[in-house]
Amino acid sequence: MNRFFTAVILLTICATTSAWAEDIGIQFIASNDLGNTATKRKITQDALYNYVDVLNAYYRNSRVALRAKIMQIEYAKISSVSGIDIINDMKNERNGFEAMFNKAQQYGADYTIAVVSQLLILGKPGCGRAYAVNQSVAAISDPRRAFAVIHFFCGAHTLAHELGHLMGLNHGSLVDACNPNRGHTSAIAPYANGYAVGNCDGKLQPGEFGDIMVGGNMRTIMGNDKGNLHIFSNPRLHDERCGFNKTCGDTKTGDAARALNENAHYYASHTKSITQSSQ
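Residues numbered from 1 in each chain as written. Predicted model: local features only at pLDDT ≥ 70, side-chain atom pairs only at ≥ 80, totals over all residues. Heavy atoms only, no water.

Peer 1: Lay out unusual backbone geometry with the relevant residues and their values.
Peer 2: Not every positive phi belongs to a glycine, and Ala-99 is a case in point at roughly 55°. Here Ala-99 lies in the loop between helix H3 (83-91) and helix H4 (100-107). Residue Lys-246 is not a glycine yet carries a positive backbone phi of 60°. Here Lys-246 is to be found in the loop between strand E10 (234-238) and strand E11 (247-248). (Helix = DSSP H or I, 4+ residues; strand = E, 2+ residues; numbered from the N terminus.)

Below, the structure is given as structure tokens:
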């Protein structure tokens, strides 16, 4: 097959995948300090649009039929730096998050993401926290469980990770081995988890890696959180960076791409759910 026909086939596959993708809308509520001048607002807006572009690249590269888009960016006085407190404020629509769910419906947003410049997770600086690891179709379909908070400077990787939790994904079996009894494999399906290769000695060794859902737990595996590949687990993907066997997932324990594709329709239906619940 010559290069012309190969290119045509690849373009057709990409176009078909894009046409099949479910759209998910995101509203960002950023802390006032990220938008208290015109210059800061421009920087914040440009960064958030870039994060969503990168998120969509993660979905494409993972063979996930989702496509995110920004529906609204607004600014609010977010009164806490604690991830738990911010999540509770979002849940109860207070302290900067008034009418949050109605606004999501108004703008056509399936998910609401708070964006802050300071964030503490269990008292330590952290990157993000989701409302929950949603573990049923009812949970992933519920607009009142579809929100998270992220640290602005942690970027697209954290956005993808926290959205992953809301979509029913969890950290995975190696994280569970390194940090047991924390429910790291409790997800919407047994295979809906992150995937990593390595051990728990916190020392960098050849062949160690983790995907998006392993996240900052890479510190436990290899001493830092820089070993994340920008993909969701998918055993149908093969990459030189995916350990010694070059396979980027496991059919039984690490196939987040399958879970995302199976449930894509539910992720894109939150706005409809809000409309129905308000009638």
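From this point, things continue past the structure.
Peer 1: Which residues make up the pattern of salt bridges, and what are the values?
Peer 2: Summed over the entire model, instances satisfying the criterion amount to 12 salt bridges. The closest approach of N and O atoms between Lys-246 and Glu-240, which form a salt bridge, is 3.5 Å. We classify Lys-246 as partly exposed; its relative accessible area is 36%. Residue class for Glu-240 comes out exposed when judged on its relative accessible area of 62%. (Salt bridge = Lys/Arg side-chain N within 4 Å of Asp/Glu carboxyl O. Buried < 20%, exposed > 50% of the residue type's maximum accessible area, 1.4 Å probe, protein only.)

Peer 1: An account of the side chain of His-171 is needed here, citing residue identities and associated values.
Peer 2: With respect to the helices and strands, His-171 occurs in the loop between helix H6 (155-166) and helix H7 (173-178). A distance of 3.4 Å separates the side chain of His-171 from the side chain of His-161, its partner in a polar contact. At 3.3 Å, the side chain of His-171 and the side chain of His-165 are in polar contact. Setting aside anything within four residues of it in sequence, one finds His-171 in contact with His-161, His-165, His-184, Asn-193, Gly-194, Tyr-195, Met-213, Val-214 and Asn-217. (Polar contact = N/O pair within 3.5 Å; in protein donor to acceptor, adjacent residues only side chain to side chain. Contact = heavy atoms within 4.5 Å.)

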